[in-house]
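A structural walkthrough
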Amino acid sequence: MSPEPRPARRIPPGRADVPRKVPSGRGDVPRRVTVTSPRTAAARRPRYPATREIDEQTHLGEVYMRSLLRTQFRLALFVCTVLACVVGGLPLLFLAIPELREADLLGIPLPWAVLAGLIYPAFVLGAWLYVRQAERNERHFADLVERP
């Protein structure tokens, strides 16, 4: 008697990805099957860039702009305060140390030489530092606004 042929095994829908045992030299190890969905990403609401918020002058855009302005204002106050302390401190220095008032630099009284020659480079240095920091603040702001 010959054995009867077995009917083909029917796999129920949704069960095609069940791991099957594959014969191997180390015993039966289930084969790994990756299960994927045709839907690769969840539905997302449309994301508006922050630049659009700023352009449309929404509340969020106002918050962004206020933060940038506040940062730039703090920087300006810092630079102006440092320069005011330097310029305002020079007369106090000359009052505290009378020998400096009497000193000459190349025939010019030292207070005049300092006020005429050394203050302007300090102003230029302060302006250069301010511009550099202000541009850095703007780059950070642009990175914040353009972040996905």
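In case you missed it, the structure is sitting above this.
So, a few notes on the structure that sits alongside this text. Just so it is clear, the structure is predicted and the values come from calculations on it, not from any experiment.

**Things to note about the overall build of the protein**
Of the regular secondary structure elements, the protein holds four helices and four strands. Evaluated residue by residue, the protein yields a buried proportion of 15% over its 148 residues. Sequence separation of 24 or more characterises 49% of the internal contacts of the protein that already satisfy a separation of 6 or more.

**Remarks on the side chain of Asn137**
Within the fold, Asn137 resides in helix α4 (residues 110–146). The residues contacting Asn137, other than those within four sequence positions of it, are Leu68, Thr71, Gln72 and Leu75.

**As for the pattern of salt bridges**
Following the criterion strictly, the structure yields one salt bridge and no others. One salt bridge connects Glu62 with Arg66, and the closest N-O pair in it is separated by 4.0 Å. Within this pair, Glu62 and its partner Arg66 are both found in helix α2 (residues 59–96), separated by four residues, close to a single helical turn. Residue class for Glu62 comes out partly exposed when judged on its relative accessible area of 41%. With relative accessibility at 41%, the residue Arg66 sits in the partly exposed group.

Calculation rules
- Note on numbering: residues in each chain are counted from 1, in written sequence order.
- Totals for whole chains, interfaces and linings use all residues, but because this is a predicted model, local features are given only for residues with pLDDT of at least 70 and pairs of side-chain atoms are given and counted only at 80 or more.
- Based on all heavy atoms of the structure, the side-chain values leave hydrogens and waters out of the count.
- In this description a helix means any DSSP run of H or I spanning at least four residues, a strand means any run of E spanning at least two, and both kinds are numbered starting from the N terminus.
- Each residue gets one of three labels from its accessible area relative to the maximum for its type: buried under 20%, exposed over 50%, partly exposed in between, using a 1.4 Å probe on protein chains only.
- Should any heavy atoms of two residues lie within 4.5 Å, those residues are counted as being in contact.
- Each reported salt bridge corresponds to a side-chain nitrogen of Lys or Arg within 4 Å of a carboxyl oxygen of Asp or Glu.

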